[in-house]
Amino acid sequence: KTDELMKREKSESLFEKAKQYFPGGVNSPVRAFRSVGGTPLFIEKGDGCHIWDADDNKFIDFCGSWGPLINGHNNSAVREAIIDAVSSGTTFGAPTRKENELAELILSNNRFIEKIRFVSSGTEAVMSALRLARGVTGKSVIIKFDGCYHGHVDSLLVNAGSGLSTFGISSSAGVTEAVSKDTMVLPLNDRRAVEIAISDYKEDIAAIIIEPIPANNGLILQDKEYLQFLRDITKKNDILLIFDEVISGFRVGFEGAAGYYGIQPDIITYGKIIGGGMPVGAYGASKEIMSHISPDGNVYQAGTLSGNPVAMNAGIAQLKICLQPDFYKNLNSKTEKFVQSINDFASKNNYLFKIFRIGSIFWFAFTDKEFVRTSTDIESESMKYFREMHSDLLESGVYLGPSGYEVGFVSSAHSEEILDAAAKKICNSLTKIFTTSTERVS
């Protein structure tokens, strides 16, 4: 739709009504479009790599429900698995064979965990993993890193205090100082900060948690050597290492970042992809560590909808597709081609813009930096350019998550032809943005 603006009347009307029911009119803050302006789109349906909003506008979707839809919207195998499961009931609060099947599918194809526990969200998986780490070690302090997000767990909704080796301060109302004091926030990619913290508090530190592929505050990729350093120093000091792979798990490869980098953490958290679009989370570790979880051990964790049969069956269908020969090779290859074509265009025109990528995850950055290793490498001023791009791309039929700090995803449903068409739209948008401001041209 190049001649006229897309219609938004129905989405606008639905949003006005939603504001009467929900805080900010949404049930998750980033959906509110506040960082990009305008009215959030109310989505009516999705199929393949496309979504349609309430006004019947069609978009090429690179949000994919924030990552779970690695095989696109309304995948026939996943859909049929959901229908099949629902036809026998939606929930029982009792064991089902589907839990066994999904667990076997994961564990028999993942060298990095020996037992798993299903929960209902990535946040719940992280919360449970932290409790497990504290229960196993008998220690209380958790180290996290600035720029990594681990869900809305109270003890991890903290910002760094002053100095290298100080405890966190709450970043959300309702998170108490008593909770914050058990979390230490360190800068990413800073070995010295880790060494100082462990030297000062070794006897108190239960675990270090990190997104091995940080993808919630830009795509701030870390060197394998840094991740190996974390593995080595934690093992040397009897501290557990937790990989939060809610996003990267089953996305960069079936074994996630642990497999990608060849690094064995002590506990791994998962979510998103393993539910095929249904609410799900999981955490896994060695048999020894998992033996501490109730009813085998004294670390309590429970959930009415844990191992929900509908989510389990959807996950089974999805992961069977992911296990097909060359699935990840083909997915990552077409993502690389898509990203490279846009980066080549930006470079040719001397635009201060680059797409960072790993596997089928990508992130738009208005920067000339070759690497972005920490959140401080991201210029907040650049977000106004993303705001312009987001608005322009919506008008041309390309949907991205409504925040410049969020990553995008390519699915197996994105054909090369559609990716080529999307790349052209993105390049056209870049030209519009950069030709209106000389400050953005290097």
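Above: the structure in question.
As a starting point, this report considers the structure included with it. (Residues numbered from 1 in each chain as written. Predicted model: local features only at pLDDT ≥ 70, side-chain atom pairs only at ≥ 80, totals over all residues. Heavy atoms only, no water.)

Across a sheet, paired strands are connected by hydrogen bonds in the backbone, their directions being either parallel or antiparallel. Spatially, S4-S12-S11-S10-S9-S5-S8 is the arrangement adopted by the seven strands of the open sheet, whose pairing is mixed. Across the chains shown, the open sheet's two edge strands, defined by having one partner strand only, are strand S4 (115-119) and strand S8 (183-186). The mean angle between the axes of side-by-side strands here comes to 20 degrees, regardless of whether they run parallel or antiparallel. Here five bridges tie strand S11 (residues 267-271) to strand S12 (residues 281-285), and the two strands are oriented antiparallel to one another. Note that in S12 the partner of Ile267 across the bridge is Ala285. Against the sheet, helix H4 (residues 122-137) engages S4, strand S5 (141-145), strand S9 (205-210), strand S10 (240-244), S11 and S12, with an angle of about 165 degrees to S11. (Pairing = 2+ DSSP bridges. Helix = DSSP H or I, 4+ residues; strand = E, 2+ residues; numbered from the N terminus. Axes fitted to C-alpha atoms, helices over the stretch in contact; angles between N-to-C directions. Contact = heavy atoms within 4.5 Å.)

Following both chains from N to C, one finds helix H6 (residues 191-201) and helix H7 (residues 224-236) inclined at 10 degrees, their axes separated by 11 Å at the closest point. Considered as vectors, H6 and H7 are oriented roughly parallel to each other. Taken together, the residues of H7 that come into contact with H6 (itself represented by Arg191, Val194, Glu195 and Ile198) are Glu225, Tyr226, Phe229, Leu230 and Ile233. Residue classes in the contact of H6 with H7 are distributed as six nonpolar, no polar and three charged. (Parallel < 35°, antiparallel > 145°, perpendicular 65-115°, else oblique. Nonpolar A, V, L, I, M, F, W, Y, C, P; charged D, E, K, R; others polar.)

Moving on, we come to the environment of Ile60. In this structure, Ile60 sits in strand S3 (residues 58-61). Residue Ile60 is classed as buried on the basis of its relative accessible area, which comes to 7%. Those residues in contact with Ile60, other than ones at most four positions away along the chain, are Cys49, His50, Gly397, Val398, Tyr399, His414, Ile418 and Ala422. (Buried < 20%, exposed > 50% of the residue type's maximum accessible area, 1.4 Å probe, protein only.)

Next up on the list: the pattern of salt bridges. Where charged atoms of side chains with opposite charge meet at close range, the side chains can pair. One pass over the full model with this rule turns up 13 salt bridges. Taking the shortest distance from any N to any O, the salt bridge between Glu80 and Arg79 comes out at 3.7 Å. Among the residues examined, Glu80 registers a relative accessible area of 45% and is labelled partly exposed. Across the pair Arg231 and Asp266 runs a salt bridge, and its minimum N-O distance is 2.8 Å. Placement of Arg231 in helix H7 and of Asp266 in the loop between helix H8 (256-261) and S11 is noted, with a sequence separation of 35 residues between them. For the pair Arg231 and Asp266, one class covers both residues: buried. (Salt bridge = Lys/Arg side-chain N within 4 Å of Asp/Glu carboxyl O.)

What follows deals with empty space enclosed by the protein. Summed over the entire model, instances satisfying the criterion amount to four cavities of 30 Å³ or more. There is about 90 Å³ of room inside the largest cavity. What lines the largest cavity is a set of 13 residues, and nearest its centre among them are Phe386, Leu400, Glu406, Val407 and Gly408. Broken down by element, the lining of the largest cavity gets its largest block of residues, three residues, from strand S14 (residues 361-365). A per-class count over the lining of the largest cavity returns eight nonpolar, four polar and one charged. Taken as a whole, the second largest cavity holds about 60 Å³ of empty space. As for the second largest cavity, its lining consists of 13 residues, of which Asp61, Gly64, Leu69, Ser411 and His414 are closest to the centre. Of the residues contributing to the lining of the second largest cavity, the split by class is six nonpolar, six polar and one charged. (1 Å grid on protein atoms, 1.4 Å probe; cavity = no way out; pocket = protein on both sides within 12 Å on 5 of 7 lines; lining within 4 Å. Points joined across faces, edges and corners; volume = space filled by probe spheres on them.)

By themselves, these observations are geometric and do not establish any function.
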